[in-house]
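Chain and residue survey
Okay, here's what each chain looks like letter by letter:
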There are 2 protein chains.
Amino acid sequence: MSERFARTPKPPYYAVIFANQRTPGDDGYGATADRMVELASQQPGFLGIESTRDEAGFGITVSYWESEAAIAAWRADAEHADARRDGRERWYEHFELRVARVERAYGGPARRGEGA
Amino acid sequence: MSERFARTPKPPYYAVIFANQRTPGDDGYGATADRMVELASQQPGFLGIESTRDEAGFGITVSYWESEAAIAAWRADAEHADARRDGRERWYEHFELRVARVERAYGGPARRGEGA
């Protein structure tokens, strides 16, 4: 399995779904984005992250967390708060953020002849 | 706002988070993917979809639904079932699918001086 998939436990757990349109140019975004993944990964309750972006700059990042409390603690991190401010001011033309409780999950493909 | 964002109502509603790694080549994928978006959009309880994929073929698609029942009905659609079979057999090297209940949501950016 690619390292790009999050290795999450059995549900329930929480997902932060962050859909966003980047402004043109890097403007410090790449380094901060890498740092935020590094920092989030060290947070208590962090379960994993999946992220991708197309050539038009439209990206979706989903981070997974044990609990709402873990999400709230990450939100309170000072360096993360600074990055969110820069995001609003410089990096994102628009974003939509949704917090969701994962109820069920499965992976694949399970092909014919390989069992369920 | 870009048309790439789903115009979802106030929570609660449901999200199907589909992270996937494509196999190389198109092999009929593009046309079927477009058709599935068209077909999903016509389903009762469909709220919207956000989707992106990078140059390495790693994609995330999140579709939004009014209820678990709406997701189950879409899953039971015969043409969709055929497409999922092709996905498992030909189009996806790996995927992770998660069904989640969206609890809260907000959009941005709300920049300084523009209010909350």
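Residues numbered from 1 in each chain as written. Chains lettered and ligands numbered in written order. Predicted model: local features only at pLDDT ≥ 70, side-chain atom pairs only at ≥ 80, totals over all residues. Heavy atoms only, no water.

The name an unreviewed UniProt entry assigns to chain A is Polysaccharide biosynthesis protein, from the organism Arenimonas soli.

1. What to know about the packing of helix α1 (residues 29-41) of chain A against helix α3 (residues 78-91) of chain A
All names here are of chain A. Packing of α1 against α3 leaves a shortest axis separation of 11 Å and a crossing angle of 150°. Classified by the angle their axes make, α1 and α3 are roughly antiparallel. The way α1 lies across α3 gives a crossing that is left-handed. For the pair α1 and α3, contact is made by Tyr29, Thr32, Arg35, Met36 and Leu39 and by Glu79, His80, Ala83 and Trp91, respectively. A class-by-class count of the residues in the contact of α1 with α3 yields five nonpolar, two polar and two charged. (Axes fitted to C-alpha atoms, helices over the stretch in contact; angles between N-to-C directions. Helix = DSSP H or I, 4+ residues; strand = E, 2+ residues; numbered from the N terminus. Parallel < 35°, antiparallel > 145°, perpendicular 65-115°, else oblique. Left-handed = near helix turned anticlockwise from the far one by under 90°. Contact = heavy atoms within 4.5 Å. Nonpolar A, V, L, I, M, F, W, Y, C, P; charged D, E, K, R; others polar.)

2. As for the interface of chain A and chain B
Listed per partner, the contact involves 50 residues of chain A and 50 residues of chain B. Carbon and sulfur atoms make up 54% of the area that chain A and chain B hide from each other, which totals about 4600 Å². Looking at the side of chain A facing chain B, the largest losses of area belong to Phe5, Arg98 and Tyr106 of chain A, adding up to 16% of the total buried there. Connecting chain A to chain B are six salt bridges. (Buried area = accessible area lost by both parts, 1.4 Å probe. Salt bridge = Lys/Arg side-chain N within 4 Å of Asp/Glu carboxyl O.)

3. Describing the sheet that holds strand β4 (residues 92-108) of chain B
One open sheet accounts for eight strands, arranged β2(A)-β3(A)-β1(A)-β4(A)-β4(B)-β1(B)-β3(B)-β2(B); its pairing is antiparallel. Because the sheet does not close on itself, it has two edges, and the strands there are β2 (46-53) of chain A together with β2 (46-53) of chain B. Strand-to-strand, the axes of this sheet are offset by a mean angle of 25°, without reference to chain direction. Taken together, the eight bridges between strand β1 (residues 13-22) of chain A and strand β3 (residues 58-65) of chain A define a ladder with antiparallel strand orientation. Bridging from a neighbouring strand, Tyr14 of chain A pairs with Trp65 of chain A of β3 of chain A. Its contacts with the sheet put α1 of chain A on β1, β2, β3 and β4 (92-108) of chain A, and the angle it makes with β2 of chain A is roughly 160°. Contacts from helix α1 (residues 29-41) of chain B reach β1 (13-22), β2, β3 (58-65) and β4 of chain B within the one sheet, and its direction differs from that of β2 of chain B by about 160°. (Pairing = 2+ DSSP bridges.)

4. Looking at the relation of the copies chain A and chain B
Once turned by 180° and shifted 0.0 Å along the axis, chain A lies on chain B with an RMSD of 0.0 Å. The relationship between the two copies is best expressed as a two-fold rotation axis. The residues that chain A uses at the interface reappear at the interface of chain B in 100% of cases, marking a shared surface. (Least-squares fit on C-alpha atoms with pLDDT ≥ 70 in both.)

5. A closer look at the packing of aromatic side chains
For any pair of aromatic rings, the description rests on two quantities: the centre-to-centre distance and the angle between the ring planes. One pass over the structure, following the stated rule, counts 20 aromatic pairs over all chains. Each ring, one from Trp65 of chain B and one from Trp74 of chain B, has its centre 6.3 Å from the other, and the planes form 25°; the classification is stacked. Residue classification places Trp74 of chain B among the buried positions, given a relative accessible area of 9%. Between Tyr92 of chain B and Phe95 of chain B the ring centres are 6.2 Å apart and the planes differ by 75°, which places this aromatic pair in the edge-to-face class. With relative accessibility at 11%, the residue Tyr92 of chain B sits in the buried group. Under the relative-accessibility criterion, Phe95 of chain B is labelled buried at 7%. Of the aromatic side chains, those joined through ring pairs into one cluster are Phe18, Tyr29, Trp91, Tyr92 and Phe95 of chain A together with Tyr106 of chain B. Just above the ring of Tyr64 of chain B sits the side chain of Arg98 of chain A; from NZ or CZ to the centre is 4.2 Å. (Phe/Tyr/Trp six-rings, centres within 6.5 Å; stacked < 30°, edge-to-face > 60°. Buried < 20%, exposed > 50% of the residue type's maximum accessible area, 1.4 Å probe, protein only. Lys NZ or Arg CZ within 6 Å of the ring centre and 35° of its normal.)

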